[in-house]
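Chains, contacts and geometry: an overview
Given next are the chains, with one letter for each unit.
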Amino acid sequence: MTKLHIRANTFTLLQTITSVGLSALAWVVTGVRPIWNGSQPSERQRIYFANHASHGDFILLSACLSEKVRARTHAVAAAEYWGKSRLRRYIAEDMLSSVLIRRQWTEESQNPINIMLSVLDQGHSLILFPEGTRNTTDEPLLPFRSGLYNLSMARPEVELIPCWIENMSRVLPKGQFLPVPLLCRVVFGPAVTIAPGEERRAFLERARQTLLALNPRPDRDD
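These lines cover the structure that appears in this document, whether it is placed above or below. (Residues numbered from 1 in each chain as written. Predicted model: local features only at pLDDT ≥ 70, side-chain atom pairs only at ≥ 80, totals over all residues. Heavy atoms only, no water.)

Now for the packing of helix α7 (residues 112-120) against helix α8 (residues 147-154). One way to put it is that α7 packs onto α8 with a least axis distance of 11 Å and a crossing angle of 45°. What the angle tells us is that α7 and α8 run oblique. In this structure, the crossing between α7 and α8 has a hand that is right-handed. Side by side, α7 and α8 meet where Ile113, Met116, Leu117 and Leu120 of the first sit next to Gly147, Asn150, Leu151 and Ala154 of the second. Taken together, the residues that form the contact of α7 with α8 break down as 6 nonpolar, 2 polar and no charged. (Axes fitted to C-alpha atoms, helices over the stretch in contact; angles between N-to-C directions. Helix = DSSP H or I, 4+ residues; strand = E, 2+ residues; numbered from the N terminus. Parallel < 35°, antiparallel > 145°, perpendicular 65-115°, else oblique. Left-handed = near helix turned anticlockwise from the far one by under 90°. Contact = heavy atoms within 4.5 Å. Nonpolar A, V, L, I, M, F, W, Y, C, P; charged D, E, K, R; others polar.)

Below, the structure written as structure tokens:
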């Protein structure tokens, strides 16, 4: 049994306290309003994929899920950032129950797809940011990387739920640690399914457009 396997299957007391505390903080600071537009809350296994502009994105999204679902849903985060120091890794893995992957990997044991599949195969859900990095450009959404397609091809039975996170880049801008109180929304769209034989680029662009369509304020970057 690997270290990842233990962490993915055991929601510790520390993780429970952190999850409840951060969710409460998110509700207090942002008054976050989940909007289910084409999908509904469910305990079934899912991959939630969302736009990414702030370190607080997954906290806001998680706050919209039930406590039971949160306990089995793990954000995918970059090991290059969150694994830089023992403290960051402790926060990401031991407190936030995140799954760390490397964008640049050299060993098969570091293969990001295999790591994410191992979590899915334990019956857990994922929060994925298919842009691959925080979007600091003027574009509302960067092109998607291949991970979402590869996961969907490997596990087509897992629901893909697009989630537009509004305003979080203003609540917790890059380089800031204290949140600014602002109202936020998370819009959950209809499940995206891959068509038989669908080409990678076509699928990723279709998923990207589905996510963009959920933006409640398309004239403004979030």
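Attention now goes to a nonpolar patch on the surface. A cluster of nonpolar side chains, namely Leu14, Leu87 and Tyr90, defines an oily patch on the protein surface of about 280 Å² accessible area. Along the chain, leucine 14 falls in helix α2 (residues 13-30). Given a relative accessible area of 31%, leucine 14 falls into the partly exposed group. (Patch = residues over 30% accessible without salt bridge, like charges linked within 9 Å, V, L, I, M, F, W, Y side chains within 5 Å. Areas by Shrake-Rupley, 256 points an atom, 1.4 Å probe, with all protein chains shown as cover. Salt bridge = Lys/Arg side-chain N within 4 Å of Asp/Glu carboxyl O. Buried < 20%, exposed > 50% of the residue type's maximum accessible area, 1.4 Å probe, protein only.)

Mapped onto the secondary structure, serine 98 falls in the loop between α6 (86-95) and β4 (99-101). Look at serine 98 and you get buried, because its relative accessible area is 10%. In this view, serine 98 contacts Phe58, Ala75, Ala92 and Glu93; residues no more than four positions away in its chain are not counted.

We now examine the nonpolar core. Grouped together as the largest cluster of nonpolar side chains are 30 residues, with contacts concentrated most on Leu148 and Leu151. Of all the elements in the fold, those that place two or more residues in this core are β2 (46-50), β4, α7, β5 (125-128), α8, β6 (159-166) and α10 (200-212). A total of 6 residues in this core trace back to one element, the largest contributor, which is α7. Setting aside its immediate chain neighbours within four residues, leucine 151 contacts Ile47, Ile113, Met116, Leu117, Leu120, Leu126 and Leu128. One finds Ala26, Leu65, Val69 and Val186 within the second-largest nonpolar core, a separate group that totals 26 residues. (Core = buried A, V, L, I, M, F, W, Y, C linked by side-chain atoms within 4.5 Å.)

Let us now look at unusual backbone geometry. For serine 97, which is not glycine, the phi torsion reads 55° and is therefore positive. Residue placement: serine 97 occurs in the loop between α6 and β4. Judged by its relative accessible area of 5%, serine 97 is buried.

Below, the discussion takes up empty space enclosed by the protein. Taken as a whole and assessed by the stated rule, the structure comprises 1 cavity of 30 Å³ or more. Here the largest cavity defines a volume of roughly 180 Å³. In this structure, the largest cavity is lined by 16 residues; those nearest its centre are Ser19, Phe58, Ser62, Arg70 and Leu96. Contributing elements (two or more residues each) for the lining of the largest cavity: α2, α3 (57-63) and β3 (73-78). No other element matches the 5 residues that α2 contributes to the lining of the largest cavity. A per-class count over the lining of the largest cavity returns 7 nonpolar, 8 polar and 1 charged. (1 Å grid on protein atoms, 1.4 Å probe; cavity = no way out; pocket = protein on both sides within 12 Å on 5 of 7 lines; lining within 4 Å. Points joined across faces, edges and corners; volume = space filled by probe spheres on them.)

Bringing the state of the cysteines into the picture now. The full count for this structure, using the stated rule, is 0 disulfides. Cysteine 64 forms no disulfide, and the closest cysteine sulfur to it belongs to cysteine 163, at a distance of 8.7 Å. A relative accessible area of 11% places cysteine 64 in the buried class. No disulfide involves cysteine 184; its sulfur sits 9.5 Å from the nearest other cysteine sulfur, which is in cysteine 64. Taking relative accessible area as the criterion, cysteine 184 reaches 2% and is therefore assigned buried. (Disulfide = S-S within 2.5 Å.)

Further remarks concern the environment of proline 140. Its place among the elements puts proline 140 in the loop between β5 and α8. Judged by relative accessible area, proline 140 falls into the partly exposed class, the value being 29%. Sequence separation between proline 140 and arginine 70 is 70 residues, and the spatial gap between their C-alpha atoms is 27 Å.

Okay, the side chain of glutamate 198 next. Looking at the secondary structure, you find glutamate 198 in the loop between β7 (185-188) and α10. Excluding anything up to four places from it in sequence, glutamate 198 contacts Tyr149, Thr193, Phe203 and Arg206.

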